[in-house]
Amino acid sequence: MELTRRNMLAISSGALVASGLGAIPAFAATAEDMIAEFTGGAAVGEGELSLTAPEIAENGNTVPIEVSAPGAVAVAIYADGNPTPAVATVKFGKLNPSNTVSTRIRLAGTQNVVAVAQMEDGSFQQASAAVKVTIGGCGG
Amino acid sequence: MNKLKLLTSAMAFSAAAGLSGGAFADPDEDQLTINGEIEIVTETAAPEHLEYVDTIYSGWRFRSDETQAVQMDDFDNPGMIFVEAAMETWDTVEGTEGKSCASCHNDVETMAGVRAVYPKYVEAAGEVRTLEHQINGCREERMGAEPYKYTSGDMVAMVGLISMVSRGLPVNVQIDGPAQSTWEKGKEIYYTRYGQLELSCANCHEDNYGNMIRADHLSQGQINGFPTYRLKNTKLNSVHARFKGCVRDTMAHTFKPGGPEFTALELYVASRGNGLSVEGPSVRN
Amino acid sequence: MAKGVKPRVKVPKSASAGEAITIKTLISHKMESGQRKDDDGNVIPRSIINRFTCDFNGENVIDVTLEPAISTNPYFQFDATVPEAGDFKFTWYDDDGSVYEETKSIAVG
């Protein structure tokens, strides 16, 4: 779907937080701070780390995500528009063959979900996904 | 797609028009099989009594792939948490008569097919009863136990359990004979505009299914999937609680859950889904 | 112990030695975020599962720190290597100090 101004209005009116794509989420700085703390300020690159999330979530209460982090020892997940951006930190043990984990998370509106992986060699990788969160026209 | 838009209160729809198209239109083409073994009919020819709809669809077909997936495996379906609790209740003795559900009905599997035919006219009661009414009838008359509140967690969980053992069977409520007058009353309610927004059930769920009501993809309002675990409130929701929410959203005083109006409406709405599979406990947004 | 908390896990009954299997876990828990207010405007205190671990014969598979942004009834799906027959041990840690455990045996054949 092309993001016309009209569409954006429709999306925003249906979202908890009216921060569409391109807008600066109100809590972005906090997520950045937390990522910097996790990485110790090290450079963050890209790699095999992947984050799968729906482009549009029907309800922000339960948004399914999957993180796959081959070669990582741990991965931290953040939601940059949530009041508290931390979502989860996952450490992978010796008996974890794929370093893949799926879970369901809460998003307080349209925002970016960010995964940061700490690799076995001490380097860091990052992946993110923009999720539009809608609320129905019917509270029902 | 453009269905009738004879709405006097079309404000809500017009705002969403920009989202229509692409993934947000007609029901999708996905097929529902639960646990890889229970085939669910989510699309079939409309029952003969429907004048304005040719094909009926389960609400499952209007949900996103992510929401759909949660219902495809009982382990993933959080509604089953409540059903599991009801399984324990099934075998638990309550009330003055020293009986549990199992004392009379044995294994819950013996209830297969029951969900599919309710609401129905009950001879002994001389009226159309819902499954909830029957559960409370058992509790009060056979068990000597306190009745559940109509839309309480205990009640909706028990309805969820009894629905689960009918999954895959076709909804088949009787609309003629002694049920006919109640059915006609329900039909009248379905087509009556209520509230400050002057909306009838039909305005959204017959005239505009497939369209967006703001950010919500309107379904046909079928109830074959009830009780429904909603992502919105993370619990099982009963038919009458959902009716109440809908009517409230028209800015009207609602009818009482368990009362004669919603019972009639439930029979009518259930009959609009005759032919779809029982699906409860389903998962919706 | 918080009311109505019940862990559930889905593990295959058997695997071949060295096989990677998929595990699903779900625990019924309201995951009160600490962000909500009651009808009187008072903040409802945070009450969540804050950690989940899975070990096999004492060796770790996954160790998750959960924050309030994890949904009601926390759900995790992940993979595990099964080097030999033994027991998967699952542990959930509640803010209120409760610890919920579940064990599942798996045969190798």
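Residues numbered from 1 in each chain as written. Chains lettered and ligands numbered in written order. Predicted model: local features only at pLDDT ≥ 70, side-chain atom pairs only at ≥ 80, totals over all residues. Heavy atoms only, no water.

Going by the annotation in an unreviewed UniProt entry, the name recorded for chain C is Thiosulfate oxidation carrier complex protein SoxZ, with Aliishimia ponticola given as the source organism.

Named according to an unreviewed UniProt entry, chain A is Thiosulfate oxidation carrier protein SoxY originating from Aliishimia ponticola.

J.: Summarise the interface of chain C and chain B; cite the residues concerned and give the values.
T.: In this complex, chain C contributes 11 residues to the contact, which on the side of chain B involves 12 residues. The tally of links between chain C and chain B comes to 6 salt bridges. For K24 of chain C, the salt bridge identified is with D73 of chain B, shortest N-O distance 3.1 Å. (Contact = heavy atoms within 4.5 Å. Salt bridge = Lys/Arg side-chain N within 4 Å of Asp/Glu carboxyl O.)

J.: Residue-level account of the pattern of salt bridges, with values.
T.: Residue and element names in this part refer to chain B. Enumeration according to the criterion identifies 23 salt bridges over all chains in this entry. Across the salt bridge formed by R61 and E43, the nearest N and O atoms sit 2.8 Å from each other. Taken together, the residues R61 in the loop between β4 (55-57) and α2 (65-71) and E43 in strand β3 (residues 43-45) connect sequence positions 18 residues apart. (Helix = DSSP H or I, 4+ residues; strand = E, 2+ residues; numbered from the N terminus.)

J.: Help me get a handle on unusual backbone geometry, residues and values and all.
T.: Residues and elements named next belong to chain B. Residue F226 is joined to P227 through a cis peptide bond whose omega torsion reads -5°. For P227, the position within the fold is in the loop between β8 (216-217) and β9 (228-230). Across the junction of G280 and P281, the peptide omega takes the value 0°, indicating a cis bond. Positive phi, normally seen in glycine, also occurs at T234, with a value near 50°. Mapped onto the elements, T234 comes out in the loop between β9 and β10 (235-237).

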